[in-house]
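Given next are the chains, with one letter for each unit.
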Amino acid sequence: MIRRPAVAVVDGYGSAARLAKAFDAAGHDCVRVQSTVDVPAHYRSELALGLYTDNVVHTGDVEATAALLAGHRPVAVIAGAEQGVELADALSEVMGVPGNGTALSDARRTKDVQTRTVAAAGLPTAGQLTVEDAAQLAAWHARLGGRIVVKPVRSARSDGVSVCDSPAESVAAYERIRRAVNDFGVRNEGVVAQRYLSGTEFVVNTVSRDGRHRVTDTWRYRKIDVNGVRDRINGILSLPPSDPRWSRLRDYAHRVLDALGIAHGPAHLEIIMTSDGPRLVELGARLCGSDVARYAALVTGESQIDRTVQAYTDPETFLADVDTPYRRDGHAAMAFLASPLEGRLRSYPLLGEVERLDSYQGMTLRVAPGQRLRRTVDDSTEPLVIGLAHAEAATVEKDLQTVCYLDGYGFYEVEQGHHG
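How each quantity is defined
- Residues numbered from 1 in each chain as written.
- Predicted model: local features only at pLDDT ≥ 70, side-chain atom pairs only at ≥ 80, totals over all residues.
- Heavy atoms only, no water.
- Helix = DSSP H or I, 4+ residues; strand = E, 2+ residues; numbered from the N terminus.
- Rg over C-alpha atoms; globule rule 2.2 N^0.38 Å.
- Buried < 20%, exposed > 50% of the residue type's maximum accessible area, 1.4 Å probe, protein only.
- Salt bridge = Lys/Arg side-chain N within 4 Å of Asp/Glu carboxyl O.
- Axes fitted to C-alpha atoms, helices over the stretch in contact; angles between N-to-C directions.
- Parallel < 35°, antiparallel > 145°, perpendicular 65-115°, else oblique.
- Left-handed = near helix turned anticlockwise from the far one by under 90°.
- Contact = heavy atoms within 4.5 Å.
- Nonpolar A, V, L, I, M, F, W, Y, C, P; charged D, E, K, R; others polar.
- Core = buried A, V, L, I, M, F, W, Y, C linked by side-chain atoms within 4.5 Å.
- Phe/Tyr/Trp six-rings, centres within 6.5 Å; stacked < 30°, edge-to-face > 60°.
- Lys NZ or Arg CZ within 6 Å of the ring centre and 35° of its normal.

- As recorded by an unreviewed UniProt entry, the protein carries the name ATP-grasp domain-containing protein and is attributed to Streptomyces pilosus.

**What to know about the overall build of the protein**
Next, step 1: When its secondary structure is counted, the protein shows 13 helices and 19 strands.
Next, step 2: Relative to the 2.2 N^0.38 estimate, which gives 22 Å for 420 residues, the radius of gyration of the protein is 21 Å and therefore close to what a compact globule would have.
Next, step 3: Over its C-alpha atoms, taken along the principal directions, the protein stretches across nearly 60 × 55 × 45 Å.
Next, step 4: Burial analysis of the protein (420 residues in total) assigns 53% to the buried set.

**Quick look at the pattern of salt bridges**
Next, step 1: According to the stated counting rule, one finds 30 salt bridges in the structure shown.
Next, step 2: A salt bridge links Arg-154 to Glu-86, with the nearest nitrogen and oxygen atoms 2.6 Å apart. Residue Arg-154 is located in the loop between strand 6 (148–152) and strand 7 (162–164), and its partner Glu-86 is located in helix 3 (residues 85–95); the two are separated by 68 residues in the primary sequence.
Next, step 3: According to the relative accessible area criterion, Arg-154 is buried, its value standing at 14%.
Next, step 4: Its salt-bridge partner being Glu-382, residue Arg-232 comes within 2.8 Å of it at the nearest N-O pair. Placement of the pair is Arg-232 in strand 11 (residues 229–238) and Glu-382 in the loop between strand 17 (372–373) and strand 18 (384–390), with a sequence separation of 150 residues. Exposure class is identical for Arg-232 and Glu-382. Each is buried.
Next, step 5: Overlapping salt bridges, with partners in common, bring together Arg-147, Asp-165, Glu-169 and Arg-230 in one network.

**A closer look at the packing of helix 1 (residues 17–25) against helix 10 (residues 304–313)**
Next, step 1: Remark: helix 1 packs on helix 10, axes separated minimally by 10 Å, with the N-to-C direction vectors making an angle of 55°. Considering the angle they form, helix 1 stands oblique to helix 10. Read as a crossing pair, helix 1 and helix 10 show a hand that is right-handed. Together, Arg-18, Leu-19, Ala-22 and Phe-23 of helix 1 and Ile-305, Thr-308, Val-309, Tyr-312 and Thr-313 of helix 10 make up the contact between the two elements.
Next, step 2: Taken together, the residues of the contact of helix 1 with helix 10 sort by class into six nonpolar, two polar and one charged.

**Section: unusual backbone geometry**
Next, step 1: In this structure, Asp-210 takes a positive phi of about 50° despite not being glycine.
Next, step 2: Of note in the backbone geometry, Asn-227 takes a positive phi value of approximately 55° without being a glycine.
Next, step 3: Examined against the element boundaries, Asn-227 turns out to sit in the loop between strand 10 (212–226) and strand 11.
Next, step 4: Relative accessible area serves as the criterion here: at 16%, Asn-227 is assigned to the buried category.

**Section: the packing of helix 2 (residues 62–70) against helix 3**
For any two helices packed against each other, one specifies the inter-axial angle together with the distance between the axes.
Next, step 1: It is at 10 Å that the axes of helix 2 and helix 3 come closest, and there the two elements cross at 65°. Put simply, helix 2 runs roughly perpendicular to helix 3. Helix 2 and helix 3 meet at a crossing whose hand is right-handed. Within the contact between the two elements, helix 2 uses Val-62, Glu-63, Thr-65, Ala-66, Leu-69 and Ala-70 and helix 3 uses Leu-87, Ala-90, Leu-91, Val-94 and Met-95.
Next, step 2: Partitioned by chemical class, the residues of the contact of helix 2 with helix 3 number nine nonpolar, one polar and one charged.

**Brief notes about the nonpolar core**
Soluble globular proteins tend to pack their nonpolar side chains together in the buried interior.
Next, step 1: Grouped together as the largest cluster of nonpolar side chains are 39 residues, with contacts concentrated most on Val-33, Leu-91, Val-256, Leu-269, Ile-271, Leu-280 and Leu-283.
Next, step 2: Per-element accounting of this core gives the leading share, seven residues, to helix 8 (residues 244–259).
Next, step 3: The residues contacting Ile-271, other than those within four sequence positions of it, are Thr-200, Glu-201, Phe-202, Val-204, Leu-249, Tyr-252, Ala-253, Pro-278, Arg-279, Leu-280 and Val-281.
Next, step 4: In this structure, Leu-237, Leu-341, Leu-357 and Leu-406 belong to the second largest nonpolar core, which totals 22 residues.

**Here we look at the packing of aromatic side chains**
Next, step 1: This structure, assessed with the given rule, holds four aromatic pairs.
Next, step 2: Aromatic pair Tyr-348 and Phe-411: ring centres 5.8 Å apart, planes at 55°, arrangement tilted. On the criterion of sequence distance, the pair formed by Tyr-348 in the loop between strand 15 (343–347) and helix 12 (351–355) and Phe-411 in the loop between helix 13 (393–406) and strand 19 (413–414) is long-range, its members being 63 residues apart. The pair Tyr-348 / Phe-411 is uniform in exposure class, with both members buried.
Next, step 3: Arranged with centres 5.3 Å apart and planes meeting at 70°, the rings of Phe-411 and Tyr-412 form a pair that is edge-to-face.
Next, step 4: Its relative accessible area of 0% is what places Phe-411 among the buried residues.
Next, step 5: Judged by relative accessible area, which is 4%, Tyr-412 ranks as buried.
Next, step 6: Cluster of aromatic residues (ring-pair linked, three or more members): Tyr-348, Phe-411 and Tyr-412.
Next, step 7: If you follow Arg-147 out to its NZ or CZ, it ends over the ring of Tyr-196, 5.3 Å from the centre.

Here's what the structure looks like:
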């Protein structure tokens, strides 16, 4: 039997598990590498290997892990989840396969270092402070005035992010973050404060090969203030290349990728278009999460997952049209619902109305009837995600507005005596 070439995915949990399916279809085996002996709590339901042919556990010695992987003869090592970025860089470097090297690993993973690195490359960024103590933060916020964002230097999704209007709020957020254990099961290592950027926030997803970058899909965030949380992302809408902001976002994203030394693989950038132009919020040197790739493919005919596989398995074809904007055949959106209630969920009484919408494509149920519903304050307490896609932008926009209208107290039925 001829052995298939292999690809190693570091922390191939969540949406990264789709990579295994895509590489399998392209004739490659996938090996999963655990960057930690103990799997983070929110990934423990995904311990089954699925399409992965093996699971290699990293115990701290990169050379030893590389030796364990060597038997599979991987042609690439890719970060699946955020906490796998640095190990993927180190393994690809040691094993001599295409990768981004370790020189800028910290900048790709640590938010304050990331912003400093991008600024040093001559790109405009948000003003920031690496917080050393509460008094320093309070003085900086008082001097700056207005609104700021306080967040862990390392985290994923919206974990620990606080929007603060006063020095007192900033200090309270700092103390909360400093003591917290993050989504990866690690106590937060530091806190960064950034000037609040006014403007519309976008997602730019990319794949790179040999230092050349392709934008695979672009999205516009919609935000609301809900359940005491400011700027909660309650939806995303696809952004076509015909939008005048698209080219500016692409050009800025490419320069950020270059500044952070990303020559290979996927990246997920969040960028705010301010009145002075684009400014980086943060970059993850890995795939976008939340099933976004599925809806990207409905809109553009391609996804970050397809292009990642192509970049590693067929680089010539990838590079042949790397600079050509993706085709636009449709429009898509995702709605991230927010429960105002807590308790044992009995049903979603209005879900039928959502399912009848013209653009409805499916949902991801995170809290099923019979399970405990929590008041939504972050991604981990999100009960439901709705996916929409249609040939007409106006239909998608209208249906997203309808979902947002339906979401609220009437959307959730909880057992009596269990209202939050």
